[in-house]
Amino acid sequence: KTNIPDRKREQMWRKPPRGWVKVNVDASFSAETMSGAVGAIARDDRGEFIAAAAWFIPHVITAESAEIQVIRNGAWLAQHIGCNSLILESDNLNAVQAFDQQEIYNGNDAAVVMDGKQICTDFASVSYLHCFREANEVADLLAKHSSLSR
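Scope of this entry: the structure provided in the associated data block.

Thresholds applied
- Residues numbered from 1 in each chain as written.
- Predicted model: local features only at pLDDT ≥ 70, side-chain atom pairs only at ≥ 80, totals over all residues.
- Heavy atoms only, no water.
- Disulfide = S-S within 2.5 Å.
- Buried < 20%, exposed > 50% of the residue type's maximum accessible area, 1.4 Å probe, protein only.
- Phe/Tyr/Trp six-rings, centres within 6.5 Å; stacked < 30°, edge-to-face > 60°.
- Helix = DSSP H or I, 4+ residues; strand = E, 2+ residues; numbered from the N terminus.
- Lys NZ or Arg CZ within 6 Å of the ring centre and 35° of its normal.
- Pairing = 2+ DSSP bridges.
- Axes fitted to C-alpha atoms, helices over the stretch in contact; angles between N-to-C directions.
- Polar contact = N/O pair within 3.5 Å; in protein donor to acceptor, adjacent residues only side chain to side chain.
- Salt bridge = Lys/Arg side-chain N within 4 Å of Asp/Glu carboxyl O.
- Arc of directions from axis to C-beta.
- Contact = heavy atoms within 4.5 Å.

## Some remarks on the state of the cysteines
Thinking step 1. According to the stated counting rule, one finds 0 disulfides in the structure shown.
Thinking step 2. Lacking any disulfide linkage, Cys 131 is separated from the closest cysteine sulfur, that of Cys 120, by 16 Å.
Thinking step 3. Judged by its relative accessible area of 6%, Cys 131 is buried.

Here it is in structure tokens:
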């Protein structure tokens, strides 16, 4: 057994259960340009890389809107790599709750949430999870890279 403190352990990225794919997503937002950039990385149940993608969003109103869009984009990525059971993980709790409790979400991004949920009907199982920022470093770097490469 490792001697990693419990608090530190829960901040680390964890492999999904056997047979599942985990897609970590993150967004960056510029209030100055009202634009964003988002990134997603998919890994299998061994923690092995499957695919990654990054998108520039030329017009976005808030950071939360960008975070909601990247969850939808993460579902799109998973749809295109062909998995059956999906975990979408973000470090933005509000965005995760928008998808997890879509029937009560009535924010500005309701159409994006509905679109993402429609994409997720292709999967046998879907979970939306919140993680610590420290467990989401790769998706964060993808989003920042997409932003900087514009």
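## Quick look at the packing of aromatic side chains
Thinking step 1. Counted under the stated rule, the structure contains 2 aromatic pairs.
Thinking step 2. Here Trp 55 and Trp 76 contribute two aromatic rings whose centre-to-centre distance is 6.1 Å and whose plane-to-plane angle is 80°, an arrangement assigned as edge-to-face. Highlighted residues: Trp 55 in strand 3 (residues 49–57) and Trp 76 in helix 2 (residues 63–81), separated in sequence by 21 residues.
Thinking step 3. Over the aromatic face of Trp 13 sits the side chain of Arg 43, whose NZ or CZ is 4.4 Å from the ring centroid.

## Thoughts on the sheet that holds strand 1 (residues 20–30)
Thinking step 1. Taken together, 5 strands build an open sheet; the order of strands is 3-2-1-4-5 and the sheet is mixed. Single-partner strands in this sheet number two, and they are strand 3 and strand 5 (125–130). Averaged over all pairs of adjacent strands, the angle between their axes in this sheet comes to 15°, without regard to strand direction.
Thinking step 2. Note that strand 4 (residues 85–90) and strand 5 share 6 bridges and pair parallel. Counterpart to Ser 90 in the pairing with strand 5 is His 130.

## Looking at the pairing of strand 1
Thinking step 1. Extensive coverage of strand 1 is indicated by the burial of 9 of its 11 residues.
Thinking step 2. The pairing of strand 1 with strand 4 spans 6 bridges and is parallel. Across the sheet, the residue bridging to Lys 22 is Ile 87, located in strand 4.
Thinking step 3. Pairing analysis gives 9 bridges linking strand 1 to strand 2 (residues 35–43), with the strands arranged antiparallel. Counted as the bridge partner of Ser 30 is Ser 35 from strand 2.
Thinking step 4. Where strand 1 folds back onto strand 2 in an antiparallel hairpin, the turn is made up of 4 residues, including Met 34, whose phi is positive at roughly 50°.

## Observations concerning the environment of Ser 35
Thinking step 1. Among the structural elements, Ser 35 can be located in strand 2.
Thinking step 2. Along the backbone, Ser 35 and Val 60 are 25 residues apart, and their C-alpha atoms lie at a distance of 5.2 Å.
Thinking step 3. A distance of 2.6 Å separates a polar atom in the side chain of Ser 35 from a polar atom in the side chain of Thr 33.

## Some remarks on the pattern of salt bridges
Thinking step 1. Scanning all chains against the criterion turns up 4 salt bridges.
Thinking step 2. Note that Asp 140 and Lys 144 form a salt bridge whose closest N and O atoms lie 2.9 Å from each other. Taken together, the residues Asp 140 and Lys 144, both in helix 5 (residues 137–148) and 4 residues apart, mark about one turn of the helix.
Thinking step 3. Judged by its relative accessible area of 18%, Asp 140 falls in the buried class.

## Side note on helix 3 (residues 93–100)
For an α-helix, 3.6 residues make a turn, and residues three or four places apart therefore share a direction.
Thinking step 1. Within helix 3 the residues assigned to the buried category are Ala 95, Val 96, Ala 98 and Phe 99. Here the buried residues of helix 3 occupy an arc of 155° about the axis, which is enough to place them on one side.
Thinking step 2. The secondary structure elements touched by the buried residues of helix 3 are helix 2, strand 4, helix 4 (110–119) and strand 5.

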